[in-house]
Amino acid sequence: MNRIEEKLAQLKEQNKKAFITYMTAGMPDFDKMQEIIRTQEQAGTDIIELGIPFSDPVADGPVIQDASYHAILKGVNLKKVLEAMKKLRSAKIEIPIVFMMYYNTILHYGVEAFVDACIESGVDGLIIPDLPLEEQDEIKEFLQKENAPILIQLVSPVSKDRIPEILKDARGFVYCVSSMGVTGQEATFHKSVIDYLGSVKEVSKIPVMMGFGIRTAEDVAPMKDIIDGAIVGSHFIRLMEENDYDLQKIGTYCGTFKKELNQ
Amino acid sequence: MNKKSYYGAFGGQYVAESLMNTLKELDDAFEKYTKDEEFLKEVDYYLKQYVGRETPLYFASRLSEAYGTKIYLKREDLNHTGAHKINNVIGQILLAKRMGKTKVIAETGAGQHGVATATGAALFNMECTVYMGAEDMKRQSLNVMRMEMLGAKVVPVTSGSNTLKDATNEAIRTWAKTAEDTFYVIGSAVGPYPYPKMVKYFQSVISKEAKKQILEQEGRLPDVVMACVGGGSNSIGMFADFIEEKDVKLIGVEAAGKGIETGEHASAMALGEPGVLHGMRSYLLQDEDGNVQLAHSISAGLDYPGVGPEHAYLKDSGRAEYVAIKDDEAMDALMELCKLEGIIPAIESAHAVAYAKKQAKKMKPDDIMVVCLSGRGDKDVNTIADYLAGKGYLN
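Residues numbered from 1 in each chain as written. Chains lettered and ligands numbered in written order. Predicted model: local features only at pLDDT ≥ 70, side-chain atom pairs only at ≥ 80, totals over all residues. Heavy atoms only, no water.

Chain B goes by Tryptophan synthase beta chain in an unreviewed UniProt entry, where it is assigned to Roseburia amylophila. Under Function (unreviewed entry), UniProt gives the following word-for-word description of chain B: "The beta subunit is responsible for the synthesis of L-tryptophan from indole and L-serine." Under the heading Cofactor (unreviewed entry), UniProt records this for chain B: "pyridoxal 5'-phosphate". (UniProt positions renumbered as here; feature names shortened; annotations may be inferred.)

In structure tokens, the structure reads:
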């Protein structure tokens, strides 16, 4: 069974909500990245989104753009991240990992070759923010393969009538953009965010996660009864940078968030 | 896959989910109003009374004599604001008005599209914000001033490489957050569907006029139609009405910068591989990791790593031929046109003139070539001065 689906099934059984983080791959380096991932696994993070750096990250806010830019300067690329994935899987790190990446990186690698590489290196899911439903056929053909990663579907408050179609064959979880636009906004959530999350939850057969703009468990308290988990991106990157990637601080943040989310 | 958003294997809508309904709304409005007599009349009115259309199709007799074939110049440089960009801006902003939007945003490289958008925004009383790379703002301070005089806010973009592609990224990000009241005016034949279609529609006035004018003056269609290609807006407008005329050879001229072999060029079709950027799938300059490579050209307007999807399709289908001209070849042609015809062309347009000289060698004296002179060179005098100083041209 896919690690994401397995983890989400466990959480459902325990009646718990998922805590998901985003980190830019290869930052500050690949060895440290592996330690950060292991620390998070032990601290209670349920799923990790690993950002593959791209030169033109149009769906990201300034914090992740900057991290992505620095990763590229350090020479981080898809091949190296796939190798790092293999290494951490052979080091018995079993936390579900989702690649967050732009479609050009996949096209350039070759769509089928990329899916095969994901299967080989233990990638569990894909988030491709510039690949809306209408453009997904090409990659979906190869995602039928055994042990292929799940394509995570995104919805936004303006998706409205599109939501049922997007969720029809969705697997894993559905990623809700919580304020219109990009990551890194302050926590001034879209005015009708509760209605919106409710409307997604109503149609969704899979867990509903809220992302974009969250810093602490308190930020999602008003929506806690609706959502199945929270995703922290920009704030987590900033926290790691400001604390010089201190493992203890990272562990404490993740542990606290996970605990408070489930209180 | 939404077939209608594609030109063969190119085009599409590679954007965030949050923009998909916005693009649909835009396409619906475009389809509705381009069938609306009142709307079309209004566009025509402003093109005639404000922009100054139609522009002449000028028989360049001294240039023709020098190059050895009949050369006609489609004088887009005579438009208000000095280039073809305004044709599309008038159309898109009138559409924005119809859609009830109150604000427009745009990206700009050298500032030409920014100035055109700021002009249209002033004319139609819209709030205007232009995104421009911080580097470009320094290099093009006069255009920044023009935009500000016209009432636009110019926002410096400091992410990535600080140039046009990053300004475009920033405009897309802003649009994704503000689409409810904001219209994104894209200046080139690029971006997600329906933008390439819209830009072609509003720029096709160039070829509609040119076709009529050449029939009046020569009584027949031209043998060759030529235009420079960055993102590809003047060229797709120049080609549009000739695409179905199979006997007319279409040639797009990209910027070869310092030479294709040096890697410092802007010729997406010469060496680019298909990729995805700015919402479209098309030929794209990229490095070995699939990151977008910076383009280079002495002309800021051609300095773009991608190209409009319909051009990619016209290339693959063989309907149009795409060639490239180096910085120094373009500058030589620029000087030649100044001296032979008393016209200072934009450096972008000079690329087309430079290739016209090469193409003319394959043509007979009675053959006819139409070259799109997309803009005037006033904006380029600083660049030209620097170039000539380096070359010792005028000394």
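Back to the text.
A. Looking closely at the sheet that holds strand β4 (residues 125–127) of chain A. All names here are of chain A. What the 9 strands build is an open sheet, ordered β5-β4-β3-β2-β1-β9-β8-β7-β6; its pairing is parallel. A strand with exactly one partner marks an edge of an open sheet, and here the two such strands are β5 (150–151) and β6 (153–155). Contacts from helix α2 (residues 30–43) reach β1 (18–24), β2 (47–51) and β3 (97–100) within the one sheet, and its direction differs from that of β1 by about 170 degrees. (Pairing = 2+ DSSP bridges. Helix = DSSP H or I, 4+ residues; strand = E, 2+ residues; numbered from the N terminus. Contact = heavy atoms within 4.5 Å. Axes fitted to C-alpha atoms, helices over the stretch in contact; angles between N-to-C directions.)

B. A look at the UniProt feature "domain: Tryptophan synthase beta chain-like PALP" (unreviewed entry) in chain B. Sequence positions flagged by UniProt for "domain: Tryptophan synthase beta chain-like PALP" (unreviewed entry) are, in local numbering, residues 52–375 of chain B. As annotated, residues 52–375 of chain B has a helix share of 41% and a strand share of 21%, and its two end C-alpha atoms lie 14 Å apart.

C. The arrangement of the sheet that holds strand β13 (residues 320–326) of chain B in detail. All names here are of chain B. As summarised here, the arrangement of the 6 strands in space is β3-β4-β14-β9-β10-β13, forming an open sheet in which the pairing is mixed. Bordering the open sheet on either side are β3 (57–59) and β13, each of which pairs with just one other strand. Ignoring which end each strand starts from, the neighbouring axes of this sheet average 25 degrees apart. The sheet contact formed by strand β4 (residues 70–75) and strand β14 (residues 368–373) spans 6 bridges and is parallel. Opposite Y72, over in β14, you have V370 as the bridge partner.

D. Spatial organisation of unusual backbone geometry. For the bond from M27 of chain A to P28 of chain A, the omega torsion is -5 degrees, close enough to zero to count as cis. Structurally, P28 of chain A can be placed in the loop between β1 and α2. A cis amide bond, omega 10 degrees, links Y193 of chain B with the succeeding residue P194 of chain B. Structurally, P194 of chain B is set in the loop between β8 (182–184) and α9 (195–203). At K92 of chain A, a residue that is not glycine, the phi angle is positive and equals roughly 65 degrees. Tracing the backbone shows K92 of chain A in the loop between α4 (78–90) and β3. Phi at Y245 of chain A is positive, roughly 60 degrees, even though this residue is not glycine. For Y245 of chain A, the position within the fold is in the loop between α10 (234–242) and α11 (247–261).

E. The UniProt feature "modified residue: N6-(pyridoxal phosphate)lysine" (unreviewed entry) in chain B, seen in detail. Residues and elements named next belong to chain B. The positions that UniProt labels "modified residue: N6-(pyridoxal phosphate)lysine" (unreviewed entry) are, in the present scheme, K85. Its location among the elements puts K85 in helix α4 (residues 85–98). K85 sits in the buried class, given a relative accessible area of 17%. Apart from residues no more than four positions distant in its own chain, K85 is found in contact with H113, A116, G187, S188, Q203 and S233. (Buried < 20%, exposed > 50% of the residue type's maximum accessible area, 1.4 Å probe, protein only.)

F. Quick look at the interface of chain A and chain B. Taken together, the contact between chain A and chain B spans 37 residues of the former and 36 residues of the latter. Summed over both partners, the interface of chain A with chain B comes to about 2,900 Å²; 47% of that surface belongs to carbon and sulfur atoms. When the area that chain A buries against chain B is broken down by residue, the three leading residues are D56, H108 and E135 of chain A, summing to 20%. If you look at where chain A meets chain B, you find 3 salt bridges. E138 of chain A is paired through a salt bridge with R281 of chain B; the nearest N and O atoms lie 2.4 Å apart. Inspection of the region where chain A meets chain B yields 23 residue pairs in polar contact (both at pLDDT 80 or more). Ranked by residue count, the leading element in the side of chain A that touches chain B is helix α5 (residues 103–109) of chain A, at 5 residues. Here the side of chain A that touches chain B is composed, by residue class, of 17 nonpolar, 10 polar and 10 charged. (Buried area = accessible area lost by both parts, 1.4 Å probe. Salt bridge = Lys/Arg side-chain N within 4 Å of Asp/Glu carboxyl O. Polar contact = N/O pair within 3.5 Å; in protein donor to acceptor, adjacent residues only side chain to side chain. Nonpolar A, V, L, I, M, F, W, Y, C, P; charged D, E, K, R; others polar.)

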